[in-house]
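Residues per chain are reported as follows:
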Amino acid sequence: MSLGRFTPRTRDVIALATAVALSLSACHASDRSSSGANLDSVHVKLKLIATLEQPLAIAIRPHDPALYVAERTGRVVAIRHGHVDPDPVLDLSGEVSLGAEQGLLGTVFSPDGRFLYVDYTDVNGDTHVTEFQMKKGRIDVGSRRDVLFVAQPYTNHNGGGLAFGPDGYLYIGLGDGGSGGDPQGNGQSLSTLLGKILRISPRPSGDLPYTVPQDNPFVQTPGARPEIWAYGLRNPWRFSFDRTHGDLWIGDVGQSAWEEVDLEPGGSRGGENFGWNVMEGNHEYGDAPRTADTIPPIYEYPHGDGSCVVTGGYVYRGRAIPALLGAYVFGDFCRGRLEAIRVAGGEVVEHRFLGPEVQNLSSFGEDGSGELYALSLSGGVYRLAPTPS
């Protein structure tokens, strides 16, 4: 679809509504994330619980103690009570492409546990979000159904994150299509799903494989894709919801100079423009000037010290590490250092490297109790655990 009828006035109205909503909720969202102790009092270690083949994502199912881990090479495996089940839950090994940023990239269960969703790139490099029904604790392979297909113009920036929000809808992360610098301008275009976070109900609606919520921000915008929830993203590789307050935290991978963490307060009506490819973090990128509707990152950091790719994480809501409560835990793929930030008044007021490092830090996960896990593309699945001060 074309953006020919998407007028500057339409964009300004949406931007104004977004800005007002954010100004009313941002302080509340950021203040409530700072409920724990000073981060200097946090002492953590990593406990290896399993070694897998290129683990990239963790999913949990209601009333099920297992951790379901997606391996980039195409399998979903279950870890139960510290042991990996001998048979995979799902095996798509022959169906995924394995270029540098391709593969089985994300997985999540529906809130009621009836369906498993996976995000993967097929042998042609295109994105699929596919649904499988669970029956008696096992995948019903015959129930397979494609929910979403997105053609990918390049091999990189595929996104891949999946998460159900507190509203019960499925959020899907898609990169800008790849290459470098967003040559197709997808990040700022509302006529494409690339460079976005989408919000859908993944269940069929008539002849359609999914349903678009009618309160999505661009449903009434001519020329815009109604599935879009937020835009201006380069590669939102990992994003998550704060399970207590519903804030959406996004680790958006930068181009060549800056990595960023974006924050959408719980209760937002969506429509945020996080800036790419006009901005890289807080910095103008290319020749286009910054627009008034751009939402700056809550945190950014530069390359130059060996950092390369932000790996978005979770707000800690577990009980094992009380001093970490309410802090956002994340890291960088290349440096591998686990980090945490607290925010108040709409800005970061505390940042600390927590000590442990994970080689090739690919992702984070959260179990049913709010405890956090760090995943290494080299194979390790680790649980964050307290250490004596």
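Here the structure is a predicted model, which means the values were calculated and not measured.

Looking at this structure, how should I read the overall build of the protein chain?
Secondary structure summary: the protein chain contains one helix and 27 strands in total. The C-alpha radius of gyration of the protein chain comes to 20 Å, within 12% of the 21 Å expected for a compact globule of 389 residues. Counting only C-alpha atoms, the protein chain reaches 55 × 50 × 35 Å along its principal axes. Of the contacts formed within the protein chain by residues at least 6 apart in sequence, a portion of 56% connects residues at least 24 apart. Counting 32 positive and 46 negative side-chain charges, the protein chain places the averaged centre of each group 6 Å from the other.

It is not clear to me how the state of the cysteines should be interpreted in this structure. Could you clarify?
Throughout the structure, instances matching the rule amount to one disulfide. Disulfide pairing is shown between Cys308 and Cys334; the S-S distance is 1.9 Å. Between Cys308 and Cys334 the sulfur-sulfur dihedral comes to about 90 degrees; the bridge is accordingly right-handed. Of this pair, Cys308 sits in the loop between strand 20 (299-302) and strand 21 (310-315) while Cys334 sits in the loop between strand 22 (328-332) and strand 23 (337-344), and the two are 26 residues apart along the sequence.

I would appreciate a short explanation of unusual backbone geometry in the present structure.
Put simply, Trp276 and Asn277 share a cis peptide bond, and its omega is 10 degrees. Note on placement: Asn277 falls in the loop between strand 17 (258-264) and strand 18 (279-280). Even without a glycine there, the phi angle at His63 is positive, about 60 degrees. Along the chain, His63 turns up in the loop between strand 2 (55-59) and strand 3 (67-71). Although it is not a glycine, Asn360 sits at a positive phi angle of roughly 55 degrees. If you trace the backbone, Asn360 turns up in the loop between strand 24 (347-357) and strand 25 (361-366).

Help me out: how do you make sense of the pairing of strand 25 in this one?
The side chains of a regular strand alternate, residue by residue, between the two faces of the sheet. Among the six residues that make up strand 25, six are buried, leaving the element largely enclosed by the rest of the structure. Note that strand 25 and strand 26 (residues 372-376) share five bridges and pair antiparallel. Along strand 26, the bridge assignment pairs Glu366 with Leu372.

How should I be thinking about the packing of aromatic side chains in this particular structure?
Two measures describe an aromatic ring pair: the distance that separates the ring centres and the angle between the ring planes. Following the criterion strictly, the structure yields 11 aromatic pairs and no others. For the ring pair Trp276 and Tyr285, a centre distance of 4.7 Å and an interplane angle of 45 degrees mean the geometry is tilted. By relative accessible area, Trp276 is classed as buried at 2%. Members of the aromatic cluster, joined through ring pairs, are Trp249, Tyr299, Tyr301, Tyr328 and Phe330. Geometry around Trp276 places Arg234 over its ring, the cationic atom sitting 5.7 Å from the centre. Sitting over the ring of Phe353, Arg337 keeps its end group 3.8 Å from the ring centre.

Explain the sheet that holds strand 14 (residues 228-231) here, please?
Picture the strands of a sheet paired through backbone hydrogen bonds; they go either parallel or antiparallel. In spatial order, the strands read 11-12-13-14; together these four strands make up an open sheet with antiparallel pairing. The outermost strands of the open sheet, each flanked by one partner alone, are strand 11 (162-164) and strand 14. Strand-to-strand twist in this sheet, taken as the mean axis angle between neighbours without regard to direction, amounts to 20 degrees. Bridge count for strand 13 (residues 196-200) against strand 14 is three bridges, and the pairing is antiparallel. Counted as the bridge partner of Ile197 is Ala230 from strand 14.

Can you walk me through the environment of Arg75 in this structure?
With respect to the helices and strands, the residue Arg75 is situated in strand 4 (residues 75-80). Judged by its relative accessible area of 25%, Arg75 is partly exposed. In this structure the C-alpha to C-alpha distance between Arg75 and Val96, which are 21 residues apart in sequence, comes to 10.0 Å. Excluding residues that lie within four positions of it along the chain, Arg75 makes contacts with Val69, Ala70, Pro88, Leu90, Asp91, Ser93 and Leu104.

Calculation notes
- Residues numbered from 1 in each chain as written.
- Predicted model: local features only at pLDDT ≥ 70, side-chain atom pairs only at ≥ 80, totals over all residues.
- Heavy atoms only, no water.
- Helix = DSSP H or I, 4+ residues; strand = E, 2+ residues; numbered from the N terminus.
- Rg over C-alpha atoms; globule rule 2.2 N^0.38 Å.
- Contact = heavy atoms within 4.5 Å.
- Lys, Arg positive; Asp, Glu negative; His and termini not counted.
- Charge placed at Lys NZ, Arg CZ, Asp CG, Glu CD.
- Disulfide = S-S within 2.5 Å.
- Buried < 20%, exposed > 50% of the residue type's maximum accessible area, 1.4 Å probe, protein only.
- Pairing = 2+ DSSP bridges.
- Phe/Tyr/Trp six-rings, centres within 6.5 Å; stacked < 30°, edge-to-face > 60°.
- Lys NZ or Arg CZ within 6 Å of the ring centre and 35° of its normal.
- Axes fitted to C-alpha atoms, helices over the stretch in contact; angles between N-to-C directions.

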